[in-house]
Amino acid sequence: MSTINKFNKYVMGTYGRYDLVLEKGGGRTAADENGVKDYIDFGSGIGTNSLGYCDSEWVEAVCSQAKTLQHTSNYYYTKIQADFAAKLCGITGYSKVFFGNSGAEANECAIKLARKYSFDKYGKEAKRYNIITLENSFHGRTLTTLSATGQDSFHNYFFPFTEGFINAKANDSDDFKKKADETVCAVMLEFVQGEGGVIPLDPAYVKEIADYCSLHDILFIADEVQTGVGRTGTFLASEQFGVKPDVTTLAKGLAGGIPVGACLANDKCCDILTSGTHGSTFGGNPLACAGGNVVLNRAADKDFLAGVCEKSAFIKEKLSQIPEIEGIDGLGLMLGIRLKTKNAAEICKNCLENGLLVLTAKTKLRMLPPLNITYEEIDKGISILKNVLQEKENG
Ligand SMILES: Cc1ncc(COP(=O)(O)O)c(C=O)c1O
């Protein structure tokens, strides 16, 4: 039985997959099962393989950890988790972190933390448990993070959803203030809405919300699951927006392709989740921490981050010369390409057939290349995209 047939027989059909079996990768290139074809990867596993495939230092760290201690429960301490936590807090300026295994789990932690913060301070009777999220946001696939997600298309089938989420219009501070009443304990937002179509928020709006939250003791949660860990050209996107959220969640690229999630909290709220109030069996797994330490050593370096910004400018410049492209949105190496024809899904498929892996976000093509992609690889990938777009244009 072919891999695809076996897969479809035994794995639930929750994804619309391409007819491609990937077997191995090196650098920023993946190869198919038969070793027949190579693919330049501008998607990096949806932003997870931040250092590309099988980076030698990362492989060495993960393999050596696997030979030492692959996991232990969180009833015990490990040095690797302590080192990773200290490094992450040091880089971001947060006081403490909780580790889980995914973006949704990191956000679940932030939501629980925010509700308990208000419960502890204002009491149960205050019913201060509502959380404002933005229209068109995406926060994950668990029932609660789906409820937080501000897109109606996700609110089907799985009733009843978790209550206590209010959607506000992005970039409309009046709408936010109207909804931020005494029942609200937190706001959660993405600085660049990723799944929503690579749409950056207006920095003036973000600043106004941050100030309002601090004045009214509403916790400001930044969902940096997609934007964090150097993706936008600063370690955290919040740095570019000039705000310091109370809580920041990270996942995707944090461990370079090993499942991880992190919920970082400042002094004000880092001791809210006490013993027994939260947990995750695999959270802070030593392999993830070992991979994560290598990612942090690289992605928090100022020259590395300057490189992300330079590559971003280079890609934008190259793309702007392609007539079929209407415009480019996004920050750093999180880019959304507006196509004149709006047929991103079809172009994405054609790119794959021609050896380039890209993503879509709504009607846009989305690029989340490994942060250490080379200029040569960028050139190669863009020339594939250019040919695909021109062939389409010429019928
Ligand atoms: C902003 C944001 N939050 C949360 C998630 C959910 O992350 P995960 O799929 O790791 O649970 C995603 C995933 O795309 C995301 O982009």
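Residues numbered from 1 in each chain as written. Predicted model: local features only at pLDDT ≥ 70, side-chain atom pairs only at ≥ 80, totals over all residues. Heavy atoms only, no water.

Engineer: Any details on empty space enclosed by the protein? Residues and values, ideally.
Structural biologist: This model, assessed by the stated rule, comprises two cavities of 30 Å³ or more. Considering the residues around the largest cavity, the lining is formed by I46, G47, S50, V225, Q226, G228, V229, R231, K252, G253, L368 and L371. When the residues that make up the lining of the largest cavity are grouped by side-chain class, the tally is five nonpolar, five polar and two charged. When residues are assigned to domains, the lining of the largest cavity turns out to be shared by domain 1 (3–55 + 302–393) and domain 2 (69–299), each giving three or more. Empty space within the second largest cavity amounts to approximately 40 Å³. (1 Å grid on protein atoms, 1.4 Å probe; cavity = no way out; pocket = protein on both sides within 12 Å on 5 of 7 lines; lining within 4 Å. Points joined across faces, edges and corners; volume = space filled by probe spheres on them. Nonpolar A, V, L, I, M, F, W, Y, C, P; charged D, E, K, R; others polar. Domains from an automatic or database assignment.)

Engineer: Summarise the packing of helix α4 (residues 79–92) against helix α10 (residues 286–299); cite the residues concerned and give the values.
Structural biologist: α10 packs onto α4 with a crossing angle of 35° between their chain directions and a minimal axis gap of 9 Å. Crossing of α4 against α10: the hand is left-handed. Together, I80, Q81, D83, F84, K87, L88 and I91 of α4 and P286, C289, A290, G292, N293, L296 and N297 of α10 make up the contact between the two elements. Tallied by class, the residues present in the contact of α4 with α10 amount to eight nonpolar, four polar and two charged. (Axes fitted to C-alpha atoms, helices over the stretch in contact; angles between N-to-C directions. Helix = DSSP H or I, 4+ residues; strand = E, 2+ residues; numbered from the N terminus. Left-handed = near helix turned anticlockwise from the far one by under 90°. Contact = heavy atoms within 4.5 Å.)

Engineer: Please give an account of the layout of surface pockets that cites residues and values.
Structural biologist: In this structure, the second largest pocket occupies an estimated 1,000 Å³ of space. Together, 30 residues line the second largest pocket, and N74, Q81, V97, F98 and H278 are the ones closest to its centre. Contributing elements (two or more residues each) for the lining of the second largest pocket: α4, β4 (96–100), α5 (103–122) and β12 (261–265). In terms of residue count, β4 provides more of the lining of the second largest pocket than any other element does, four residues in total. Tallied by class, residues from the lining of the second largest pocket come to 15 nonpolar, 13 polar and two charged.

Engineer: Just give me the short version of the pattern of salt bridges, but keep the residues and values in it.
Structural biologist: Under the counting rule described, the total for this entry stands at 20 salt bridges. A salt bridge links D329 to R338; its shortest N-O distance comes to 2.9 Å. A residue is classified by how much of its surface remains accessible, and R338, at 28% relative accessible area, is partly exposed. The structure contains a network of salt bridges with shared partners spanning E326, D329, R338, K342 and K364. (Salt bridge = Lys/Arg side-chain N within 4 Å of Asp/Glu carboxyl O. Buried < 20%, exposed > 50% of the residue type's maximum accessible area, 1.4 Å probe, protein only.)

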